[in-house]
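Summary of the model geometry
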Amino acid sequence: MLQVDFKKQLDHFSLTMQFRLDKEILALVGSSGSGKTTLLNCIAGIVHPDVGEISLNGRTFYSEEQKPLKIQKRKVGYLFQDYALFPHLTAEENILYAVPKGSNIAHITELTKILGITGLLGKYPHQISGGEKQRVALTRSLAAQPDILLLDEPFSALDDANRDWCQNELLRIHEQWQIPIIFVTHRIADAEKLADRIMRIEKGQMTEETAR
Amino acid sequence: MMVYDLSPLWLSLKVAVISILFVFVVSLALARFMTRRDFFGKSFLEALILLPLVLPPTVIGFGLIVLFGVNGPLGILLEQWFGFRVVFTWIGAAIASFVVSLPLMYQSVLAAFEKVDPRWENVARTMGVSEWRIFRTITFPLAWSGILAGLILAFARGIGEFGATLMIAGYIPGITETIPLAIYFAYEAGDMEKALFWVLIVSSLGVAAITWVNYWRKKTAIRIGRE
């Protein structure tokens, strides 16, 4: 269970967030610069709120009373906008970057098969397409078996066919992994197809929450 | 052309290589620290690091003599602890080379680190990877071509150092005679042929270094590619 209740002052407004999320898929919609990515960054630990609390499964990520939990200790899978694949490593090295040598990688092998990237593993990021990068980055974010998955505009670089396919795979992965997933999107259709809940953020305020 | 004593070449290489090793380590540590920390007096500290770029070499030489001279605070310490003198030795030349090449290397390394997209480091952090490993496997390799260019630039600057070297190390043939000093004193003595010999040697070193850097940057750019 993810519990979020914090405030953070941004340039032109204050981001005020309060919600709980079980093992569901939550879509964040809203115009650019409304605070969606900042919410993901606060959960991941890249930036910190000013006041409030964030916790996941009873582990406190942020609270005013104590030092914020280090990013490395949060067990968060984060798929950045534009994927942020390491350009000097192959797809395989990207995926296995944080996986200790000799550990069981059956779940990763299965993911590469499900997502159809087995043939790309030896290639560098600049040698593969946007859709392929997205699937490599998704596999990488799941490789360390995170407790929560954060996806920042995961489908923006994909054409319609690829988007549909990737969304179906994401639903399958969610069913199998049973972890909370939060994804940012500009397309309300994506949110309606994938999400159990949809949250609209405008100028830092949650203005709407709808169930699927 | 006459055959000249090549000791200025070997001495210049020794001075430049030893100083560049220290420049490399110190500039990496400084640039890493400066890109990650904000503190009171940061601009002042940065100005101090870059100061040798704008000071006349004689001022740097004067400062080094005050610090490392026989009666200078660091000079006394080094003589008491390790039993060696800096003035009129090749070590003085290496220190002068270090001081003038550090700001060039620092600037290159800082620029190279700033070019590394912080998202790469952040994504590695979310994967649970330690800061040291992120530096070794992400930040450093991605900044390497900029760091290498800085190294070559700083090395060339170190090998060409003249004014401060002359002040702290003096001109003692065979002991502190680096190539720039050899050129100056050959010219002073009217031995234009010898001066030209060393001019050609040092110019060839410069051309070779720049050509190699350009080749290397192209090669690594192709290998790494762009995301």
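Residues numbered from 1 in each chain as written. Chains lettered and ligands numbered in written order. Predicted model: local features only at pLDDT ≥ 70, side-chain atom pairs only at ≥ 80, totals over all residues. Heavy atoms only, no water.

- Going by what an unreviewed UniProt entry lists, chain A is known as Molybdenum ABC transporter ATP binding protein and is assigned to Planococcus donghaensis MPA1U2.

**Description of a negative patch on the surface**
- Where like charges cluster on the molecular surface, the negative patch consists of Asp5, Glu53, Glu64 and Glu65 of chain A.
- Inspection of the secondary structure assignment puts Asp5 of chain A in strand S1 (residues 2–9). (Patch = residues over 30% accessible without salt bridge, like charges linked within 9 Å, V, L, I, M, F, W, Y side chains within 5 Å. Areas by Shrake-Rupley, 256 points an atom, 1.4 Å probe, with all protein chains shown as cover. Salt bridge = Lys/Arg side-chain N within 4 Å of Asp/Glu carboxyl O. Lys, Arg positive; Asp, Glu negative; His and termini not counted. Charge placed at Lys NZ, Arg CZ, Asp CG, Glu CD. Helix = DSSP H or I, 4+ residues; strand = E, 2+ residues; numbered from the N terminus.)

**Some remarks on the interface of chain B and chain A**
- Contacts between chain B and chain A engage 24 residues on the former and 24 residues on the latter.
- Contact between chain B and chain A buries roughly 2200 Å² in total, counting both sides, with carbon and sulfur atoms accounting for 63%.
- Across the contact surface, chain B and chain A share zero salt bridges.
- At the boundary of chain B with chain A, the tally comes to seven residue pairs in polar contact (both at pLDDT 80 or more).
- Of all the secondary-structure elements, those providing two or more residues to the side of chain B that touches chain A are helix H6 (118–126), helix H7 (131–159) and helix H10 (192–224) of chain B. (Contact = heavy atoms within 4.5 Å. Buried area = accessible area lost by both parts, 1.4 Å probe. Polar contact = N/O pair within 3.5 Å; in protein donor to acceptor, adjacent residues only side chain to side chain.)

**Some points on the nonpolar core**
Residues and elements named next belong to chain A.
- Core analysis: the largest hydrophobic core is formed by 62 residues, its most contacted members being Leu2, Phe19 and Ile182.
- In contact with Leu2, not counting residues within four places along its chain, are Phe19, Arg20, Leu21, Ile43, Ile54, Ser55, Leu56, Ile148 and Ile182.
- Judged by nonpolar contacts, the second largest core, of 36 residues, contains Ala91, Val99, Ala137 and Ile173. (Core = buried A, V, L, I, M, F, W, Y, C linked by side-chain atoms within 4.5 Å. Buried < 20%, exposed > 50% of the residue type's maximum accessible area, 1.4 Å probe, protein only.)

**A closer look at the packing of aromatic side chains**
Residue and element names in this part refer to chain B.
- Under the defined criterion, the tally for this structure stands at 16 aromatic pairs over all chains.
- Aromatic pair Phe33 and Phe39: ring centres 5.5 Å apart, planes at 40 degrees, arrangement tilted.
- Measuring from centroid to centroid gives 6.1 Å for Phe82 and Phe84, while their planes differ by 20 degrees, and the two rings are stacked.
- Residue classification places Phe84 among the partly exposed residues on the basis of a relative accessible area of 30%.
- Among the aromatic residues, those joined into a cluster by ring pairs are Phe24, Phe113, Trp132, Phe135, Phe140 and Trp144. (Phe/Tyr/Trp six-rings, centres within 6.5 Å; stacked < 30°, edge-to-face > 60°.)

**Digging into helix H2 (residues 42–54) of chain B**
All names here are of chain B.
- Helix length check: H2, at 13 residues, gives a terminal C-alpha distance of 19 Å against a target of 18 Å (1.5 Å per residue), a fit within 8%.
- Listing the buried residues of H2 in full gives Lys42, Ile49 and Pro52.
- Looking at the packing, one finds that the buried side of H2 touches helix H1 (7–36), helix H3 (57–68) and helix H5 (90–115). (Expected span 1.5 Å × (residues − 1).)

**A short note on the layout of surface pockets**
All names here are of chain B.
- In this structure, the largest pocket spans a volume of roughly 630 Å³.
- Lining the largest pocket are 24 residues, and of these Leu64, Phe68, Ile95, Phe98 and Val99 lie nearest its centre.
- Of all the secondary structure elements, the ones that give two or more residues to the lining of the largest pocket are H1, H2, H3 and H5.
- Per-element accounting of the lining of the largest pocket gives the leading share, eight residues, to H5.
- When its residues are assigned to classes, the lining of the largest pocket shows 22 nonpolar, two polar and no charged. (1 Å grid on protein atoms, 1.4 Å probe; cavity = no way out; pocket = protein on both sides within 12 Å on 5 of 7 lines; lining within 4 Å. Points joined across faces, edges and corners; volume = space filled by probe spheres on them. Nonpolar A, V, L, I, M, F, W, Y, C, P; charged D, E, K, R; others polar.)

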